[in-house]
Amino acid sequence: MPTKSYFEKLPPFPNDVPVAKLPRISFAKLLDNETEESEALFSATRKLGFFMLDFQDCAEGQSFLEKSETMFEINKKICEMDIGDLAQYAYHPPHSLFGYKKLGDIKIKDGRPDRLTFYNISQDDMTGIAKPMSHPPCVESHRADVWDFMNQAHSIIELICSHLDTQLRLPLGTLASMQPMSLPSGTALRLLQYPPQPESDRRTSLLGHTDIRTLTILFNLTGGFQILLPGRDATDNSAWMYVKPEPGYAIINLGDAMVEWSGGILRSNMHRVTFAPGEQSKLPRYSLAYLVRPDGDAPMKRLGGEGSLIPQAEGGGEEDTMTAREREVHKSIAIQSGKDNARSRGGIEI
Ligand SMILES: O=C(O)CCC(=O)C(=O)O
Ligand SMILES: [Fe+2]
């Protein structure tokens, strides 16, 4: 999450709310290639599929936090816009998820409408490998800043991938080569807003799901984000625990593509968003997610080969022949209708 001064403008997350303890990993130690940190990262990605990445202990990390604050400022400006004006930038699921999603058009599990809006900015648009899309002036005037944020965010993803290559005993560069910035993909910066909910009617705003993608860098300022504890049933409300947003950290989570590529060694875990606890519930909730998707043509089959830890598919065959792009469309249709049969996956014993 962004810097401390940014957090101090908000009411605190209450002390008496139970929270999930996510492993903490140091960005500086990953940059320094420290073996222990690399192993801790691997353990977190296998056992939970979530960890907190600490950006405070080096200049590169601080610079990333500052860039993320600029993205929050853009988000606030989008949210101040007239809904009618935003409608001209509407996204078109399932084939294009870029642009503005209005309130209520994704269903939660029981069929009721969601309680969030978001604006997805395509990475390919910002890097120039796709035809530029039209955006509101508050995005257009910050194209260079968004590109700058994405560029650093992507280098952080590559760093995480290089540690996972080492741990999975894959040739260095394998995981990053499935999701390069230079090839067309669905990678996006998502700027989310959750309006405050009336006290008499509070509920899940974004349905429980796993991310379809490879990796997500998520910045939260206020509470509301919850993970499903491993081994617990998603229909049991007490199995969902808040993650407390903390200054200087991002929440990193692994998506389904990492489970597929690693033959089930890495884990993608269910998460959802509900109302914030305590005084924070009275504010609109802003969050920011850098959602990395694979190169659109990437196969969703397990990687592996000589010497890697990744097990062979049972019977030697492969279970899924879809490309990343086909899988994304499939999942988007399911999510949109609330019929996504989501569950935490991966994390097999090795
Ligand atoms: O807004 C949040 O905190 C989480 C959003 C999320 O899980 C997603 O966009 O996939
Ligand atoms: Fe998510």
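Keep in mind that this is a model prediction, so the values were computed, not measured.

Rules used throughout
- Here the residue numbers are simple positions, counted from 1 along each chain's written sequence.
- By the order in which they are written, chains take letters starting at A while ligands take numbers starting at 1.
- At least 70 in pLDDT is required for a residue's local features to be given in this predicted model, at least 80 for side-chain atom pairs to be given and counted, and no such filter applies to totals for whole chains, interfaces and linings, which use all residues.
- To get the side-chain values, all heavy atoms of the structure are used, and hydrogens and water are removed first.
- Two joining distances apply to patches: 9 Å for like charges and 5 Å for nonpolar side chains (Val, Leu, Ile, Met, Phe, Trp, Tyr), and every residue must have over 30% relative accessible area and no salt bridge.
- Methods summary: accessible areas were calculated by the Shrake-Rupley approach with a probe of 1.4 Å, and residue burial reflects only the protein chains presented.
- A pairing counts as a salt bridge when a side-chain nitrogen of Lys or Arg comes within 4 Å of a carboxyl oxygen of Asp or Glu.
- The charged-residue count follows a simple rule in which Lys and Arg add positive charge and Asp and Glu add negative charge, with His and chain termini not counted at all.
- Working definition for charges: the position is that of NZ of Lys, CZ of Arg, CG of Asp or CD of Glu.
- Numbering of helices and strands runs from the N terminus, with a helix taken as a DSSP run of H or I at least four residues long and a strand as a DSSP run of E at least two residues long.
- Burial classes: relative accessible area under 20% of the type maximum marks a residue as buried, over 50% as exposed, and values in between as partly exposed (1.4 Å probe, protein chains only).
- Any residue with a non-hydrogen atom lying within 4 Å of a molecule or strand is treated as near it.
- Pairs of N or O atoms within 3.5 Å make up the polar contacts considered here, provided that, within protein, one atom can donate a hydrogen while the other can accept it, and that residues adjacent in sequence are counted only when both atoms are side-chain atoms.
- Think of a 1 Å grid over just the protein atoms. A cavity is a set of points where a 1.4 Å probe fits yet cannot get out, a pocket is an open set with protein on both sides within 12 Å along at least five of seven lines, and lining residues have an atom within 4 Å of a point.
- Each molecule is checked against the cavity or pocket grid, and it sits inside if more than half of its atoms lie within 2 Å of the grid points.
- In the scheme used here, Gly and all other residues not listed as nonpolar or charged are polar, with Ala, Val, Leu, Ile, Met, Phe, Trp, Tyr, Cys and Pro taken as nonpolar and Asp, Glu, Lys and Arg as charged.
- A pair of strands counts as paired when DSSP detects no fewer than two bridges linking them.
- Here, axes are lines fitted to C-alpha atoms. For helices the fit covers the stretch in contact, and angles between N-to-C directions go from 0 to 180 degrees.
- Grid points are joined across faces, edges and corners, and a volume is the space filled by probe spheres set on the points.
- Contacts are residue-level and defined by heavy atoms, with any inter-residue pair within 4.5 Å sufficient.
- Joining through side-chain atoms within 4.5 Å is the link that ties buried Ala, Val, Leu, Ile, Met, Phe, Trp, Tyr and Cys residues into a set, and such a set is a nonpolar core.
- Helices are assigned an expected span. That span is 1.5 Å times one less than the residue count.
- An angle below 35 degrees is read as roughly parallel, one above 145 as roughly antiparallel, one from 65 to 115 as roughly perpendicular, and any other as oblique.
- In this scheme, a crossing is called left-handed if the near helix is turned counterclockwise away from the far one by less than a right angle; it is called right-handed if the turn is clockwise.

*Asks:* Sorry if this is basic, but what is going on with a negative patch on the surface here?
*Replies:* Judged by side-chain charge, Asp-32, Glu-34, Glu-36 and Glu-39 come together as a negatively charged surface patch. Structurally, Glu-34 is set in the loop between helix H2 (27-31) and helix H3 (35-47). A relative accessible area of 33% places Glu-34 in the partly exposed class.

*Asks:* When you look at the pattern of salt bridges in this model, what are you seeing that I'm missing?
*Replies:* Where charged atoms from two side chains of opposite charge come close, those side chains can pair. If you walk through the whole model with that rule in mind, you get 16 salt bridges. A salt bridge links Arg-112 to Asp-110, with the shortest nitrogen-to-oxygen separation between them at 2.9 Å. Of the residues examined, Asp-110 reaches a relative accessible area of 49% and is grouped as partly exposed. Across the pair Arg-345 and Asp-256 runs a salt bridge, and its minimum N-O distance is 3.7 Å. Of this pair, Arg-345 sits in strand E14 (residues 345-346) while Asp-256 sits in helix H10 (residues 256-261), and the two are 89 residues apart along the sequence. A relative accessible area of 6% places Asp-256 in the buried class. Three or more residues joined by partner-sharing salt bridges are found here, namely Lys-101, Lys-102, Asp-105 and Asp-114.

*Asks:* Can you help me understand the site of ligand 1 in this one?
*Replies:* Near ligand 1 you find 13 residues, and of these Arg-190, Tyr-194, Asn-220, Arg-285 and Ser-287 are the closest. Arg-190 places a side-chain nitrogen or oxygen 3.0 Å from an oxygen atom of ligand 1. A distance of 2.6 Å is found between an oxygen atom of ligand 1 and a side-chain nitrogen or oxygen belonging to Tyr-194. Burial of ligand 1 by the protein amounts to 98% of the accessible area it has alone, namely 300 Å². When atoms are counted within 2 Å of each cavity's grid points, the one that captures over half of ligand 1 is the largest cavity. Contributing elements (two or more residues each) for the shell around ligand 1: strand E5 (188-194), strand E6 (206-209), strand E7 (215-220), strand E12 (271-273) and strand E13 (285-292). Residues that form the shell around ligand 1 fall into these classes: six nonpolar, four polar and three charged.

*Asks:* Can you help me understand the sheet that holds E12 in this one?
*Replies:* Two orientations exist for strands paired in a sheet by backbone hydrogen bonds: parallel and antiparallel. Read across the sheet, four strands follow the order E6-E12-E8-E9 without closing on themselves; strand pairing throughout is antiparallel. Of all the strands in the sheet, the pair left with one neighbour each is E6 and strand E9 (240-242). The sheet shows a mean angle of 25° between the axes of neighbouring strands, direction not considered.

*Asks:* What is the right way to look at empty space enclosed by the protein in this model?
*Replies:* Any space left empty among the atoms is revealed by the rolling of a water-sized probe across them. The final tally for this structure, using the stated rule, is four cavities of 30 Å³ or more. By volume, the largest cavity amounts to about 410 Å³. Around the largest cavity, the lining comprises 31 residues; the ones closest to its centre are Arg-190, Leu-206, His-209, Asp-211 and Arg-213. Of all the elements in the fold, those that place two or more residues in the lining of the largest cavity are E5, E6, E7, E12, E13 and helix H11 (324-336). In terms of residue count, H11 provides more of the lining of the largest cavity than any other element does, five residues in total. In the lining of the largest cavity, the residues fall into 15 nonpolar, nine polar and seven charged. Of the voids in this model, the second largest cavity is the one considered here, and its volume is about 80 Å³. If you go around the second largest cavity, the residues you meet are Tyr-194, Pro-195, Pro-196, Gln-197, Ser-205, Thr-274, Phe-275, Ala-276, Gln-280, Ser-281, Leu-283 and Arg-285.

*Asks:* Would you mind going over the side chain of Thr-204 with me for this structure?
*Replies:* Mapped onto the secondary structure, Thr-204 falls in the loop between E5 and E6. The contact partners of Thr-204, leaving out residues within four places of it in the chain, are Ile-108, Arg-272, Val-273 and Thr-274.

*Asks:* Please clarify how the nonpolar core should be interpreted in this entry.
*Replies:* Side chains of a nonpolar character, in soluble globular proteins, are inclined to be buried together. In this structure, Leu-53, Ile-217 and Phe-219 are the most contacted members of the largest nonpolar core, which totals 66 residues. The element best represented in this core is helix H8 (residues 143-168), accounting for 11 residues. With 26 residues, the next largest nonpolar core counts Leu-207, Ile-227, Tyr-249 and Ile-335 among its residues.

*Asks:* Got a minute to help me understand H8 in this structure?
*Replies:* Given 3.6 residues per turn, any residue in an α-helix points the same way as the ones three and four places further on. Taking 1.5 Å of rise per residue, 26 residues should cover 38 Å, and H8 covers 36 Å from first to last C-alpha, within 8% of that figure. Following H8 by one or two positions, Arg-169 has its phi on the positive side, about 60°.

*Asks:* Honestly, the packing of helix H4 (residues 59-79) against H8 in this entry has me stumped. Any pointers?
*Replies:* Each packed pair of helices is defined by two parameters, the angle between the axes and the distance between the axes. It is at 10 Å that the axes of H4 and H8 come closest, and there the two elements cross at 135°. With respect to H8, the axis of H4 lies oblique. Seen along the crossing, H4 lies across H8 with a hand that is left-handed. Residues Glu-60, Ser-63, Phe-64, Lys-67, Ser-68, Thr-70, Met-71 and Ile-74 of H4 touch H8, and the partners they reach there are Asp-145, Val-146, Asp-148, Phe-149, Gln-152, Ala-153 and Ile-156. Residue composition of the contact of H4 with H8, by class: seven nonpolar, four polar and four charged.

*Asks:* Would you explain the layout of surface pockets in this entry?
*Replies:* Estimated volume of the largest pocket: approximately 430 Å³. Residue lining of the largest pocket: 22 residues in total, with Lys-109, Thr-204, Ala-234, Trp-240 and Arg-272 positioned closest to the centre. Of all the elements in the fold, those that place two or more residues in the lining of the largest pocket are E6 and E9. Classifying every residue of the lining of the largest pocket gives eight nonpolar, seven polar and seven charged.

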